[in-house]
Amino acid sequence: MLKFDEDLSIDQLPLDVYEAMIDELNRNKHWKIVANHLMQEDESYSASWISCLESQASSKNKKSPAENLLIDLNIRLGDVLILDKIFNDCNLKRALSFLHYPEKLYVSKHPDDNTNNASLQVSFGKLSLKCEAEGLPPPSYQWYQEDKVLENETTTELSIDVQSEAQEGTYKCRVYQVDHRGDVIFEEYSKPVYIKIKPMPVTIMKQPPTFLEVKENDNFILHCEASCYPSPKFQWYKDNERLDNQTTDTLTIEKFSAKGEGKYYCHISNYISERYTQQSTVLIEQPRQKATVKVALLIANENYDNQEVLRTPRNDVAKVSKILNNLNFHVICLTDLTLVQMRNAIRIFCDFLIDGAYGLFYFAGHGFRMQENYMLPVDTPTNYLRKDAISESLLLSMALKSDPALLVVILDMCQTAPPAEQNPEIHEELPAINEFKGKKNLRNLLLAYSTSSYRPSYERMGKNYGLYATHLCKYLEENIFVTKVFEQVGISIDATLRGAERKQIPMFATTITKPYRLTDSVSHGNLPKAIENLEKTVTFPSKVIEINFQKTGIKCKATISQLIKPYFNVVQVTLSDLDEKYDINFYNSVHTKRNNLFQSSNKYKCWLYSPQSKEGAIVISLLENGIHIGATLLDVSKFVPLLLNKLNQKN
């Protein structure tokens, strides 16, 4: 109900009401809501009028936009009744209350309205309580926990992030009305609701690091965090022995010495459950090792002639290659190698494993185990023998001859045995014996396997990467001992496996005693002659040459480049500067046992696998209107890295 005569002029309102109204309209630019409403209702009000209200405020009269608005409304409209209607249409309840007698508030929604009683049991996480009230002046809100004011909680909704037992208790909301003078004229409290936290099992929110190096006599700390209710109890252990007085979330060890080296972890518990953190291996910081050179050979065999075609090896090798490049490895990546090519690739790789070198070999493809592991080339026959594969011992016998400082061999393949009923000959075959040993360095070898003896290794349906490579790539760049890399890979895989995949159990074996890391730097001394050309061997720059179709006078350019980076042995030939009226066909110049030439849907492109020696020469046939008019021979092998010309060499 209006408390002023409805015919009363706006400028005749009591001064305190008039000034309070100006303050309210200036707050959050509520005056603009009124101005825009008037502009929509009456064409005599325009955008320029609104701009004028603001510009006048910055002029010498120093009146605010809201005051200019009320002056204008007093001239044009005049009385309180119309002003009351405008405020009501604009839903400006606070301004409206200055013209009306108070309407006593009432709480329309209490915080406990959605509960059956005055208590609410919750878990850790977000919680929302609501209190709503109606009245004029519009109600204000203030939330309380017990009798303590909750700072900045002054809206209808209280949002709580429940994280500790200190947040248990009674919550309520004070709802009150304030008149135009700022005096509280009425207040009421909502019904209280008691928030009780449910008992919750231990969840580890932050693990201690898996590996930590500490300088001798330095102090170090390990820290973990847990979420649960009631609050957790902590007890730290070293090598399964309880550590006295270490019963907080932070373990502190002063003046660390060799006696303190070991595996640390924390037992976290409440009466609901208990959990152990991951183990943290803590060692005395060792001098960093340096490599004379770091070299990697990565082989991805996917497209088998007589075995199941695989989906992920190329992606796996490409991902590993990118990481090793970041670690300053010279990386040789090859795909779909035959038996001869695999032997030659390993021989090339081993030529660079000089004294002090770090070498890494990674194979992704088919394999099997019979006393030792065997890698299958892509030309493996259906009923294969051991002699049709590359044995692990052959690889090691070649790689360890030159005594590299570190050799890491990773076999990402199955280790199941060929079924006797399907391949009986292999079970009668006498295996070749390949003795491997270094001349002096006996502590340089790490052998890692995607699975353990006589177990399968999985590709996961719908995934772009194999299971082992996915987890391996999480840790290859970690600045930790190389042995810890593969320990973490195993832990990571074991934590994610389900169902049949649990048959895949990664493992590794090592003779290493020095603190080698894959992140170790490379010394910058004079390189031995054996690796002077290493950079040329592991790069494949694109080359552009001119070709001539004899007797036609037609010339064009051919670009020879990698088709799929980082793979060296998949080469693309692209013709350019040729009139579109001509078509092109590509052919091998000699018969190849295994198809290595593929023409793209783009008629001017083709690609070759392992283009070297005679198989690297292709015939380019030129056609016009489907009729052959000329041809030329392009010996691709002359324009590819020396590495590729060595792949098909016979022993």
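Residues numbered from 1 in each chain as written. Predicted model: local features only at pLDDT ≥ 70, side-chain atom pairs only at ≥ 80, totals over all residues. Heavy atoms only, no water.

## Side note on the pattern of salt bridges
All told, the structure shown has 19 salt bridges when counted by the stated rule. A salt bridge links K581 to E624; the shortest N-O distance between them is 3.9 Å. Of this pair, K581 sits in the loop between β34 (570–576) and β35 (582–588) while E624 sits in strand β38 (residues 617–624), and the two are 43 residues apart along the sequence. K581 gets classed as partly exposed once you look at its relative accessible area, which sits at 44%. (Salt bridge = Lys/Arg side-chain N within 4 Å of Asp/Glu carboxyl O. Helix = DSSP H or I, 4+ residues; strand = E, 2+ residues; numbered from the N terminus. Buried < 20%, exposed > 50% of the residue type's maximum accessible area, 1.4 Å probe, protein only.)

## Thoughts on the sheet that holds strand β25 (residues 367–370)
In spatial order, the strands read β25-β26-β27; together these three strands make up an open sheet with antiparallel pairing. On the outer flanks of this sheet lie β25 and β27 (390–391), each paired with one strand and no other. (Pairing = 2+ DSSP bridges.)

## Notes on the pairing of strand β10 (residues 193–197)
Only one face of β10 is covered, namely the one carrying V193, I195 and I197; the face carrying Y194 and K196 has none of its residues buried. In this sheet, β10 lies alongside strand β2 (residues 119–122) in parallel orientation, the contact comprising four bridges. Following the sheet pairing, Q121 is matched in β10 by K196. Where strand β8 (residues 169–178) and β10 come together, three bridges link them in antiparallel fashion. Bridge pairing in β10 links G169 to I195.

## A short note on the packing of helix α11 (residues 467–475) against helix α12 (residues 482–496)
One way to put it is that α11 packs onto α12 with a least axis distance of 9 Å and a crossing angle of 130°. Viewed along their axes, α11 and α12 adopt a mutual orientation that is oblique. Our pair here, α11 against α12, has a crossing hand that is right-handed. Only V485, F486, Q488, V489, S492, I493 and T496 of α12 make contact with α11, whose side of the interface consists of L467, Y468, H471, L472, K474 and Y475. Taken together, the residues that form the contact of α11 with α12 break down as eight nonpolar, four polar and one charged. (Axes fitted to C-alpha atoms, helices over the stretch in contact; angles between N-to-C directions. Parallel < 35°, antiparallel > 145°, perpendicular 65-115°, else oblique. Left-handed = near helix turned anticlockwise from the far one by under 90°. Contact = heavy atoms within 4.5 Å. Nonpolar A, V, L, I, M, F, W, Y, C, P; charged D, E, K, R; others polar.)

## Examining the layout of surface pockets
Put simply, the second largest pocket is a space of about 410 Å³. Lining the second largest pocket are 23 residues, and of these L310, G365, H366, C414 and S457 sit closest to its centre. Broken down by secondary-structure element, the contributors of at least two residues to the lining of the second largest pocket are α7 (313–326) and α11. When its residues are assigned to classes, the lining of the second largest pocket shows ten nonpolar, eight polar and five charged. (1 Å grid on protein atoms, 1.4 Å probe; cavity = no way out; pocket = protein on both sides within 12 Å on 5 of 7 lines; lining within 4 Å. Points joined across faces, edges and corners; volume = space filled by probe spheres on them.)

## Description of the environment of K126
Assignment of secondary structure puts K126 in strand β3 (residues 125–130). With 20 residues separating them in the primary sequence, K126 and E146 have C-alpha atoms 19 Å apart.

## Points about the sheet that holds strand β32 (residues 543–549)
The strand order across the open sheet formed by five strands is β32-β33-β34-β37-β36, and the pairing between neighbours is antiparallel. Only two strands of the sheet have a single partner each, and these edge strands are β32 and β36 (597–599). Across the sheet, the mean angle separating the axes of adjacent strands is 25° when strand polarity is ignored. Summarising the sheet, β32 and strand β33 (residues 554–562) pair through seven bridges and their orientation is antiparallel. Bridging across to β33, V544 finds its partner in T559.

## Remarks on the side chain of S227
Inspection of the secondary structure assignment puts S227 in strand β14 (residues 225–229). A residue is classified by how much of its surface remains accessible, and S227, at 13% relative accessible area, is buried. Discounting chain neighbours no more than four positions away, the residues touching S227 are F124, Q163, P201, V202, T203 and M205.

## Comments concerning the packing of α7 against α11
When two helices pack together, their arrangement is given by the angle between their axes and by how far apart the axes lie. For the pair α7 and α11, interaxial distance at closest approach is 10 Å and the crossing angle is 10°. In terms of axis orientation, α7 runs roughly parallel to α11. Contact residues: D316, K319, V320 and I323 in α7; A469, L472 and C473 in α11. The residue inventory of the contact of α7 with α11, partitioned by class, reads five nonpolar, no polar and two charged.

## Regarding unusual backbone geometry
In the segment running from Y229 into P230, the intervening peptide bond is cis, with an omega of 0°. Tracing the backbone through its elements, the reader meets P230 in the loop between β14 and β15 (233–238). For D403, which is not a glycine, the phi torsion comes out positive at approximately 55°. Examined against the element boundaries, D403 turns out to sit in the loop between α9 (392–399) and β28 (406–412). Positive phi, close to 60°, is recorded for D577, a residue that is not glycine. Tracing the backbone shows D577 in the loop between β34 and β35.

## Considerations on the nonpolar core
Counting residues in hydrophobic clusters, the biggest one holds 78 residues, and the most contacted among them are L334, F361, V573, L575 and I618. Apart from residues no more than four positions distant in its own chain, V573 is found in contact with A558, T559, I560, Y604, K605, C606, L608, I618, L634 and V636. Counting residues in hydrophobic clusters, the runner-up holds 44 residues, among them L298, I323, I410 and Y609. (Core = buried A, V, L, I, M, F, W, Y, C linked by side-chain atoms within 4.5 Å.)

## Describing the side chain of Q415
Turning to its location among the elements, Q415 is positioned in the loop between β28 and α10 (424–428). A relative accessible area of 3% means that Q415 is categorised as buried. A distance of 2.6 Å separates a polar side-chain atom of Q415 from the backbone oxygen of T451. Excluding residues that lie within four positions of it along the chain, Q415 makes contacts with F368, R369, N373, Y449, T451, S452, S453, Y454 and R455. (Polar contact = N/O pair within 3.5 Å; in protein donor to acceptor, adjacent residues only side chain to side chain.)

Functional significance is not addressed by these values, which are geometric in nature.
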